[in-house]
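Tertiary structure, described
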Amino acid sequence: MTEAKSDFSKGAAYINGQYVPISEAKVPVGDWGFTHSDVTYDVVHVTDGGFFRLEDHLDRFHRSLEGYRLDPGVSRGEMRTILGKVVALSGLKDAFVAMISTRGVPRVYGSRDPDDCDNTFIAYAVPWVDVIKPDVQARGAHLLVAQVPRISQDSLDPTLKNYMWRDFTRGMFEAKDKGFDTAILLDAEGYLTEGAGFNVFIVKGNEVITPDRGALRGITRLAVLDLCPELGLEGKVAPVTFEELMDADEVFTTTTAGGVMPCSRVNERIYGNDRPGPISAKIKETYWRKHKEGWHMTPVNYADADN
Ligand code: PLP
């Protein structure tokens, strides 16, 4: 009798050195990734069968690993192979692809020494995810500036990717309670930072500005800054105050899981005609058109599913 083939149609994962269907990928309760949020990760997207800016994501992941002193013992080349294989196994042409390293379970029961843990490498590919739903993106997202400040960057470096989302989650509940789509956070000094899984941009005249503090150096943010010159815009990384946010012509957000996502309201302020502004719409259109043209794309080899 031949062994039944695993069903990867809902997504494929690599965990404990094995490829398994996504529903079988489980982390033990004793893993510090779970008990201490001692984990880092990165997410790259696949569209039309190609990774977008894969090397930029791997660079950032390695920077996060070093920043958290995690070493999963997997080379960069092996990571590339594993990421390609989980996508190939899933057969997905548009996918959300995560790479994760947790501190792991201590080898010595009850140990509080991080050196007693073997760090893990986990990867998975699941169907495409939009952080802000497409219908909300189409009318322009309504953002709330939450009461909770972004955790100090002196305590948690926002440029190292992490799952410590207490401030974001509090902000999202506040936004939901008040009828907004999602939240953005200021730091304790009142400067704009970012939102739960996305960077923020303001547009003022010809300038397209994203905060210089309290935020991840998003790969989509980088892509937008790269596109600005060819669109005759000036992309800038600079401090953004609450007043500048409210006084902007347009606001949009960016993330791997959604791309360039225009906004139409922040708090009680309505921008333009309560729809995505023309510059945000142009950047969004260009971002996706360049994807179709193969910009920064690394094709997935789907034949790897059989190797
Ligand atoms: N900020 C945070 C906190 C994020 O988690 C993310 C993405 O997950 C981003 C910004 C956007 O980064 P990228 O464009 O690299 O996806």
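For the structure itself, consult the block above.
Description of the structure in this document. Keep in mind the model is a prediction, meaning the values are calculated, not measured.

1. Section: the packing of helix H6 (residues 219-227) against helix H8 (residues 278-292)
- Orientation of H6 relative to H8, taken along the N-to-C sense of each, is 100°, at an axis distance of 11 Å. Comparing the axis directions of H6 and H8 gives the class roughly perpendicular. Residue-level contacts link Thr 220, Ala 223, Val 224 and Leu 227 of H6 to Ile 283, Thr 286, Tyr 287 and Lys 290 of H8.
- When the residues that make up the contact of H6 with H8 are grouped by side-chain class, the tally is five nonpolar, two polar and one charged.

2. Here's the deal with the pairing of strand E10 (residues 199-204)
- Within E10, five of the six residues are buried, which leaves it mostly tucked inside the rest of the structure.
- Two elements, E10 and strand E13 (residues 250-255), share five bridges in a ladder whose sense is antiparallel. The residue of E13 that forms the bridge with Val 200 is Thr 253.
- Strand direction decides the pairing type here: E10 and strand E11 (residues 207-211), joined by three bridges, are antiparallel.

3. Concerning the layout of surface pockets
- Reported here for the largest pocket is a volume of approximately 530 Å³.
- Of all the secondary structure elements, the ones that give two or more residues to the lining of the largest pocket are strand E3 (39-47), strand E5 (95-102), strand E9 (192-195), H6 and E13.
- By volume, the second largest pocket amounts to about 280 Å³.
- Sorting the residues of the lining of the second largest pocket by element identifies strand E1 (12-15), helix H1 (32-35), E5 and strand E6 (122-127) as the ones contributing at least two each.

Definitions and cut-offs
The numbers attached to residues start from 1 for each chain and follow its sequence in the written order. Where totals are concerned, whole chains, interfaces and linings use all residues; where local detail is concerned, this predicted model gives features only for residues with pLDDT of at least 70, and gives and counts side-chain atom pairs only at 80 or more. Remark: hydrogens and water are excluded; side-chain values derive from all non-hydrogen atoms of the structure. Axis geometry follows a simple rule: fit a line to the C-alpha atoms, using only the stretch in contact for helices, then measure angles between N-to-C directions, giving values from 0 to 180 degrees. Secondary structure elements follow DSSP: runs of H or I of four or more residues count as helices, runs of E of two or more count as strands, with numbering from the N terminus. By definition in this entry, angles of less than 35 degrees are roughly parallel, angles greater than 145 are roughly antiparallel, angles of 65 to 115 are roughly perpendicular, and the rest are oblique. Contacts are residue-level and defined by heavy atoms, with any inter-residue pair within 4.5 Å sufficient. Charged means Asp, Glu, Lys or Arg here, nonpolar means Ala, Val, Leu, Ile, Met, Phe, Trp, Tyr, Cys or Pro, and polar covers whatever is left, Gly included. The buried label applies to any residue whose accessible area, calculated with a 1.4 Å probe on protein chains only, is under 20% of its type's maximum; exposed applies above 50%, and partly exposed to all values in between. One requirement defines pairing of two strands: DSSP has to find at least two bridges between them. Two kinds of site are reported from a 1 Å grid over the protein atoms alone, namely cavities, where a 1.4 Å probe fits but cannot get out, and pockets, open sets with protein on both sides within 12 Å along at least five of seven lines, and residues are called lining when an atom falls within 4 Å of a point. Grid points are joined across faces, edges and corners, and a volume is the space filled by probe spheres set on the points.

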